[in-house]
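Okay, here's what each chain looks like letter by letter:
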Number of protein chains: 2
Amino acid sequence: MRNYTAFVATNTIPNSQMKTMTPPPWKVGELAGRTGMSVRALHHYDEIGLLTPTLRTPSGHRLYQQSDVERLQQVQSLRLMGIPLDEVRRLLDGAGLSPREVIALHIAKLHEHIALQNRLAERLQGLAEHLDTVESASIDDLCQIIQVTTAMEKYFTTEQLEVLRDRRSSITEEHMHEVRDSWNEIIPKVRNAMSANVDPASPEILAIAKRWKALVEEFTGGDPKIAMAVKTMYEHEGPSLQQHLGEVPTQEMFVYMGKAFAAMK
Amino acid sequence: MRNYTAFVATNTIPNSQMKTMTPPPWKVGELAGRTGMSVRALHHYDEIGLLTPTLRTPSGHRLYQQSDVERLQQVQSLRLMGIPLDEVRRLLDGAGLSPREVIALHIAKLHEHIALQNRLAERLQGLAEHLDTVESASIDDLCQIIQVTTAMEKYFTTEQLEVLRDRRSSITEEHMHEVRDSWNEIIPKVRNAMSANVDPASPEILAIAKRWKALVEEFTGGDPKIAMAVKTMYEHEGPSLQQHLGEVPTQEMFVYMGKAFAAMK
DNA sequence: CCTTGCACCTCACGTAACGTGAGGAATTAC
DNA sequence: GTAATTCCTCACGTTACGTGAGGTGCAAGG
């Protein structure tokens, strides 16, 4: 190992004084090895002006002094806290915000980010559970489920969704098919009756109204808020839901059946 | 608005049949507007081969058919779940892993990521609390605190750290200074005694041992595990901690004081 | 027919923090 | 003296687009 005193100091110094001098500067590889960073990272810090070694050999090799090492340790500390290099530089150069503010800002950002990730994780978890109850796992099915669940997230509160999820997990797939078939059977009948101007209070409509009510009751668990949310969702998302869920009642049908319900009492 | 049937179909079709034909394809802007995506995103999807419109006008304008729109919806669904475009393409093209596996993998990744973020948030929170108890908030202080706390994370369990944090928050800053001053007073004495080969059982060392024990007791709250962890940490991180905490006992001192403790009984 | 204005096209750079070579000079080791 | 490291400087790749720049297509008004 050489020492680089020759071009650090301009005059010659006897060996007896060498020991009290500043320690020899480090080359990148050495600094990298001792600090656990990569050489490329140090190059990068130099490039962006975050950590420029105070010395270079005449041939261009970087030499890091004690002060540089200290700065690097500061950089490492702040990076450990997830602070971007840009802000690390601003902090160390004394420009911009105070440490307190930077930390507070970062905490806020982090919490926001974590909340997003958590919501995503919940969605994925629900999706996974759904995939495990259905044996057909085609991409189309997958996308349909995603579409429907994301649409539902817009109209239901978190607790309502949990209620629905709990109930769904306690229901057999066979039964879910039955329910869908029932809707697919009922809705065309209602549509026909409406276009034929059948009186909502007529006996055949009242019979249908009974089945309708039972189906709604079963899905909503009797919660009128969930029923309202479902109605709102159908009104807004009808066309796109139709592709995925099969037949879906329109707003006019709700009105029509409302009359039937009134006549039932 | 034109229709692009001219180059979609090769033969002329009477108007009466036009209505039963496939709907007119959409241009990028229209598709973007209806799906809430940006035009650039659609261009990007085209570039990477994720969604290539089946048609183009002779002048090069993109035309999206029904099938393209469906594919886009699938892409949107999967992206909503945070799946990278690369895997979305593999999924939709039927190559690679099954939906189940992809979802499971992503859940695992997400949880890992969330755990990391949470640990980071905890660190930042602790840092912020610390910053609020100390009024001097220089960058150097900040980095020192980070260094010390990250070093501590390596040697203490989570519960131990919480205990320490709780206790620290109930202690005044003034008192912390007193403690530090006490250490700074005691340690040189011990060092001197050791180099002078003073008997650990001598009365002056026993007096120091008492103070030493009290200080350790106070910091560790009497928990021998915490005491052990502190000792291990000092042994491993001594030199770097010394810069930040002031005087720190060496392993030899622990041994020496151990003899004094034995003589105290 | 010509212009105006809007939607569209294709580059191509920028983002964060480096990883990963490529090709060549300098240093160190034997 | 030569071989093996270590160092240097480009420069592209990573994610999912944003943001112009500069040029064409196309429907409508004068």
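Refer to the structure printed above.
Given the structure is predicted, the values throughout are model-derived calculations rather than measurements.

What's the story with the overall build of chain A in this structure? I'm lost.
Secondary structure assignment for chain A yields 13 helices and 3 strands. Across the 265 residues of chain A, 36% fall into the buried class. Sequence separation of 24 or more characterises 57% of the internal contacts of chain A that already satisfy a separation of 6 or more. Of the roughly 15400 Å² of accessible surface on chain A, a fraction of 54% belongs to carbon and sulfur atoms.

What is the right way to read the relation of the copies chain A and chain B from this model?
Both copies of the chain are tied together by a single rotation about an axis and a shift running along it. Aligned on chain B, chain A shows an RMSD of 0.2 Å; the corresponding rotation is 180° and the shift along the axis is 0.1 Å. Accordingly, the operation relating the two chain copies is best matched by a two-fold axis. Closest approach to the rotation axis within chain A is made by the C-alpha atom of A:Ile114, at a distance of 3.3 Å. Most of the interface of chain A is mirrored in chain B, where 98% of its interface residues again form contacts.

Would you take a moment to explain the sheet that holds strand β3 (residues 62-64) of chain B for this structure?
Hydrogen bonding along the main chain pairs the strands of a sheet, whether they run parallel or antiparallel. Residues and elements named next belong to chain B. An order of β1-β3-β2 is seen for the 3 strands of this open sheet, with the pairing classed as antiparallel. Sheet topology places β1 (26-27) and β2 (55-56) at the edges, where each strand pairs with a single neighbour. Note: β2 against β3, 2 bridges, orientation antiparallel. Paired with Arg56 across the two strands is Arg62, which belongs to β3.

Hey, could you run me through the side chain of A:Thr150 in this one?
Along the chain, the position of A:Thr150 falls in helix α8 (residues 139-155). Only 2.8 Å separates the side chain of A:Thr150 from the backbone oxygen of A:Ile146, close enough to count as a polar contact. Contact partners of A:Thr150, with chain neighbours within four places excluded, come to A:Arg123 and B:Leu80.

Just checking my understanding: could you explain the environment of A:Arg40 for this structure?
Residue and element names in this part refer to chain A. Structurally, the position occupied by Arg40 is in helix α4 (residues 39-47). Put simply, Arg40 and Gly29 are 11 residues apart on the chain and 9.8 Å apart in space, counted from C-alpha to C-alpha. Polar side-chain contacts of Arg40 include one of 3.3 Å to the side chain of Glu47.

Hey, could you run me through unusual backbone geometry in this one?
Phi is mostly negative for residues that are not glycine, and the peptide bonds are mostly trans. One non-glycine residue, A:Asn197, lies in the positive phi region at around 55°. Residue classification places A:Asn197 among the exposed residues on the basis of a relative accessible area of 70%.

Teacher, can you tell me more about the interface of chain A and chain B here?
How big an interface is tends to be expressed through the accessible area that disappears when the partners come together. Listed by partner, the interface residues are 40 residues for chain A and 39 residues for chain B. The junction of chain A with chain B conceals about 3800 Å² of combined surface from both sides, 70% of it contributed by carbon and sulfur atoms. Contact with chain B buries area across many residues of chain A, yet A:Met81, A:Arg100 and A:Leu124 alone supply 18% of it, more than any other trio. Salt-bridge contacts for A:Asp132 lead to B:Arg100; the nearest nitrogen and oxygen are separated by 3.6 Å. One can count 10 residue pairs in polar contact (both at pLDDT 80 or more) joining chain A with chain B.

Before we go on, may I ask you to explain the packing of aromatic side chains in this structure?
To describe a pair of aromatic rings, one takes the distance between the centres and the angle between the planes. Under the criterion given, the structure shown has 2 aromatic pairs over all chains. Note on A:Trp183 and A:Trp212: the rings are 5.2 Å apart at their centroids and 80° apart in plane angle, and the pair reads as edge-to-face. Of the two residues, A:Trp183 is situated in helix α10 (residues 173-195) and A:Trp212 in helix α11 (residues 203-220); the sequence distance between them amounts to 29 residues. Take A:Trp212: its relative accessible area is 2%, and that puts it in the buried class. Among the aromatic residues, ring-to-ring pairing joins A:Trp183, A:Trp212 and A:Phe254 into one connected group. Lying across the ring of A:Phe254, A:Lys231 places its NZ or CZ 5.7 Å from the centre. Across from the ring centre of B:Phe261, 5.5 Å away, lies the NZ or CZ of B:Lys213, which sits over that ring.

What exactly am I supposed to notice about the packing of helix α5 (residues 66-80) of chain A against helix α6 (residues 85-92) of chain A here?
For any two helices packed against each other, the geometry comes down to the angle between their axes and how far apart the axes lie. Residues and elements named next belong to chain A. Relative orientation of the contacting elements α5 and α6 amounts to 130°, with a least axis distance of 10 Å. Relative to α6, α5 is oriented oblique. Of the two possible hands of crossing, α5 and α6 adopt the one that is right-handed. Residues Arg71, Gln74, Val75, Leu78 and Arg79 of α5 form the contact with α6, whose own contacting residues are Leu85, Val88, Arg89, Leu91 and Leu92. Here the contact of α5 with α6 is composed, by residue class, of 6 nonpolar, 1 polar and 3 charged.

Looking at this structure, how should I read helix α3 (residues 28-35) of chain B?
One turn of the α-helix equals 3.6 residues, which is why residues spaced by three or four share an orientation. Residues and elements named next belong to chain B. When α3 is considered as a whole, its buried residues turn out to be Val28, Leu31, Ala32 and Thr35. Summarising the axial view, the buried residues of α3 lie within an arc of 100°, below the 170-degree limit, and thus occupy one face. Seen from the open side of α3, the exposed residues pointing more than 90 degrees away from its buried face are Gly33 and Arg34. Among the structural elements, β1, α4 (39-47), β3 and α5 (66-80) are those in contact with the buried residues of α3. At the C-terminal side of α3, Gly36 shows a positive phi close to 80°.

What's the story with the protein's contact with DNA strand C in this structure? I'm lost.
Taken together, the neighbourhood of DNA strand C is formed by 21 residues, with A:Ser38, A:Pro84, B:Gly29, B:His43 and B:Arg62 sitting nearest. In the interface set of DNA strand C, defined as its atoms within 4 Å of the protein, sugar plus phosphate atoms amount to 75%. Contact between DNA strand C and A:Ser38: a phosphate oxygen at 2.7 Å from a side-chain N or O atom of the residue. At the level of secondary structure, the elements contributing two or more residues to the surface near DNA strand C comprise α4 of chain A together with α3 and α4 of chain B. Among the elements that make up the surface near DNA strand C, the one with the highest residue count is α4(A) (4 residues). Residues of the surface near DNA strand C, tallied by class, amount to 6 nonpolar, 7 polar and 8 charged.

Even after reading the chapter, I still don't get a negative patch on the surface, so can you show me in this structure?
Negative charge collects at one region of the surface, where A:Glu122, A:Glu159, A:Glu162 and A:Asp166 lie side by side. When residues in the negative patch are grouped by element, the largest group, 3 residues, is from helix α9 (residues 158-169) of chain A.

Just checking my understanding: could you explain the side chain of A:Gln117 for this structure?
Within the secondary structure, A:Gln117 sits in helix α7 (residues 99-133). What makes A:Gln117 buried here is its relative accessible area of 11%. Among the polar contacts made by the side chain of A:Gln117, one reaches the side chain of B:His113 at a distance of 3.1 Å. Contact partners of A:Gln117, with chain neighbours within four places excluded, come to B:Leu110, B:His113 and B:Ile114.

Calculation criteria
Residues numbered from 1 in each chain as written. Chains lettered and ligands numbered in written order. Predicted model: local features only at pLDDT ≥ 70, side-chain atom pairs only at ≥ 80, totals over all residues. Heavy atoms only, no water. Helix = DSSP H or I, 4+ residues; strand = E, 2+ residues; numbered from the N terminus. Buried < 20%, exposed > 50% of the residue type's maximum accessible area, 1.4 Å probe, protein only. Contact = heavy atoms within 4.5 Å. Areas by Shrake-Rupley, 256 points an atom, 1.4 Å probe, with all protein chains shown as cover. Least-squares fit on C-alpha atoms with pLDDT ≥ 70 in both. Pairing = 2+ DSSP bridges. Polar contact = N/O pair within 3.5 Å; in protein donor to acceptor, adjacent residues only side chain to side chain. Buried area = accessible area lost by both parts, 1.4 Å probe. Salt bridge = Lys/Arg side-chain N within 4 Å of Asp/Glu carboxyl O. Phe/Tyr/Trp six-rings, centres within 6.5 Å; stacked < 30°, edge-to-face > 60°. Lys NZ or Arg CZ within 6 Å of the ring centre and 35° of its normal. Axes fitted to C-alpha atoms, helices over the stretch in contact; angles between N-to-C directions. Parallel < 35°, antiparallel > 145°, perpendicular 65-115°, else oblique. Left-handed = near helix turned anticlockwise from the far one by under 90°. Nonpolar A, V, L, I, M, F, W, Y, C, P; charged D, E, K, R; others polar. Arc of directions from axis to C-beta. Near = heavy atom within 4 Å. Patch = residues over 30% accessible without salt bridge, like charges linked within 9 Å, V, L, I, M, F, W, Y side chains within 5 Å. Lys, Arg positive; Asp, Glu negative; His and termini not counted. Charge placed at Lys NZ, Arg CZ, Asp CG, Glu CD.

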